[in-house]
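So you can see what is in the structure, the chains are spelled out below.
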Amino acid sequence: MELLDNLFKWRPAAEITPKNDWGSFQVENKQLDKKIGIKIQTITPDQIENAIGFLTQWFLQLEPSSRAAGILEDEISTQIWQGVWLKTFEQGASIIAVTDEETPTIVGALALCVVSKADDLKEELPGEAVMRQKTLLGAFDEKIDKYKIYDTEYFIQDWGLCTNPEWQRCGIATQLLSKIPQIGQHYKVPAALLIFTSKKSQSLALKAGFKEYASVAYDDIKDETGKVILQVPGNESAKLMGLKIF
């Protein structure tokens, strides 16, 4: 997708060996009455299609701003999200949680990228839904200069954290978030700044050691007629939260 060509230009230094295995843990899934091991892995080229399908199905359906913007009801906006994920995966920092069995199943995902000042997310994008959602990113840009928070030229950012609903309450999202410091250390990225859009994810971020730097109330994002653009019942605001890695 040509309009995304100027995104995520950072690449690991040549001397850094890519890492695929980020550990494992045991879970008890009470919904499925199942005890099983879960592995955290880098999204490798052979897993890209399944990972994009997983994020499309669960992140775009369940994440508050995506749901409020109507991303899945807008084919072009959905394709833009899928194009963004494809670009992030090229950097090698995105991770998935998979079941430790003969035919692994993806049960969680965290799309991560390293952003820098060289990146350029077009002001205007095709897709009405994604432009509605983009007003949230713009509101944070007006509030704070992310690069000044940790005085760095680049940092880890996310483009989606989600868990299959059948595997929620198993600690999978917590485990995925906990790998960010390790990923930053391995690839020599000094900080992470993520936008958490629900009370639940914000609570998880605090427990993982993230600090809040900015907050945007959904009701404050309005169009030229004064209508609230993103109606997000049960969640008052999105929060920019950061973690200094080294």
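The following refers to the structure shown. Sequence order as written defines residue numbering, which begins from 1 separately in each chain. Note on the predicted model: pLDDT of at least 70 is required for a residue's local features to be given, and 80 or more for side-chain atom pairs to be given and counted; whole-chain, interface and lining totals, by contrast, use all residues. In computing side-chain properties, one takes all heavy atoms of the structure into account and sets aside hydrogens as well as water.

**Considerations on the packing of helix 1 (residues 48-62) against helix 3 (residues 75-91)**
Part 1 of the reasoning: Simply put, an axis is a line fit to the C-alpha atoms, just over the touching stretch for a helix, and the angle between two N-to-C directions goes from 0 to 180 degrees. Starting at the N terminus, helices and strands are each numbered in turn, a helix being any DSSP run of H or I of at least four residues and a strand any DSSP run of E of at least two. Where helix 1 meets helix 3, the axes come as close as 10 Å, and the angle between the chain directions of the two elements is 135 degrees. By the criterion of interaxial angle, the relationship of helix 1 to helix 3 is oblique. Along this stretch, helix 1 crosses helix 3, giving a crossing that reads as right-handed. Contacts from Ile-48, Ala-51, Ile-52, Leu-55, Thr-56, Phe-59 and Leu-60 of helix 1 reach helix 3 at Thr-78, Trp-81, Gln-82, Trp-85, Leu-86 and Phe-89.
Part 2 of the reasoning: In the scheme used here, Gly and all other residues not listed as nonpolar or charged are polar, with Ala, Val, Leu, Ile, Met, Phe, Trp, Tyr, Cys and Pro taken as nonpolar and Asp, Glu, Lys and Arg as charged. Classifying every residue of the contact of helix 1 with helix 3 gives 10 nonpolar, three polar and no charged. Angle categories are assigned with fixed cut-offs, so that under 35 degrees is roughly parallel, over 145 is roughly antiparallel, 65 to 115 is roughly perpendicular, and the rest are oblique. Rotating anticlockwise by less than a right angle from the far helix to the near helix defines a left-handed crossing, while the corresponding clockwise rotation defines a right-handed one. In what follows, a contact means two residues having at least one pair of non-hydrogen atoms within 4.5 Å.

**Brief notes about unusual backbone geometry**
Part 1 of the reasoning: The phi dihedral of Asp-151 is positive, around 50 degrees, even though this residue is not glycine.
Part 2 of the reasoning: Assignment of secondary structure puts Asp-151 in the loop between helix 5 (146-149) and strand 5 (154-163).

**Here we look at the pairing of strand 5**
Part 1 of the reasoning: Across the 10 residues that make up strand 5, a large majority, nine, are buried.
Part 2 of the reasoning: Pairing between strands is defined by DSSP: at least two bridges between them are needed. Where strand 4 (residues 106-116) and strand 5 come together, eight bridges link them in antiparallel fashion. Its bridge partner being in strand 5, Leu-112 is matched across the sheet by Asp-158. Exposure classes here rest on a 1.4 Å probe applied to the protein chains alone. A residue is buried below 20% of its type maximum, exposed above 50%, and partly exposed in between.

**Digging into the environment of Val-107**
Part 1 of the reasoning: Take Val-107: it is sitting in strand 4.
Part 2 of the reasoning: Val-107 gets classed as buried once you look at its relative accessible area, which sits at 0%.
Part 3 of the reasoning: Residues within four places of Val-107 in sequence aside, it is in contact with Ile-38, Phe-54, Ala-97, Val-98, Thr-99, Thr-163, Asn-164, Trp-167 and Ile-172.

**A look at helix 8 (residues 199-207)**
Because the α-helix completes a turn every 3.6 residues, residues three or four places apart line up on one side.
Part 1 of the reasoning: Listing the buried residues of helix 8 in full gives Ser-201, Gln-202 and Ala-205. Along helix 8, the residues classed as buried sweep out an arc of 100 degrees about the axis, all on the same side. Along helix 8, the residues that are exposed and aim more than 90 degrees away from the buried face are Leu-206 and Lys-207.
Part 2 of the reasoning: Of the surrounding secondary structure, the elements contacted by the buried residues of helix 8 are helix 6 (172-178), strand 6 (191-196) and strand 8 (237-244).
Part 3 of the reasoning: Residue Gly-209 follows helix 8 closely and has a positive phi angle near 95 degrees. An arc is given here, and it is the one of the directions from the helix axis to the C-beta atoms.

This is a description of form; function is not addressed.
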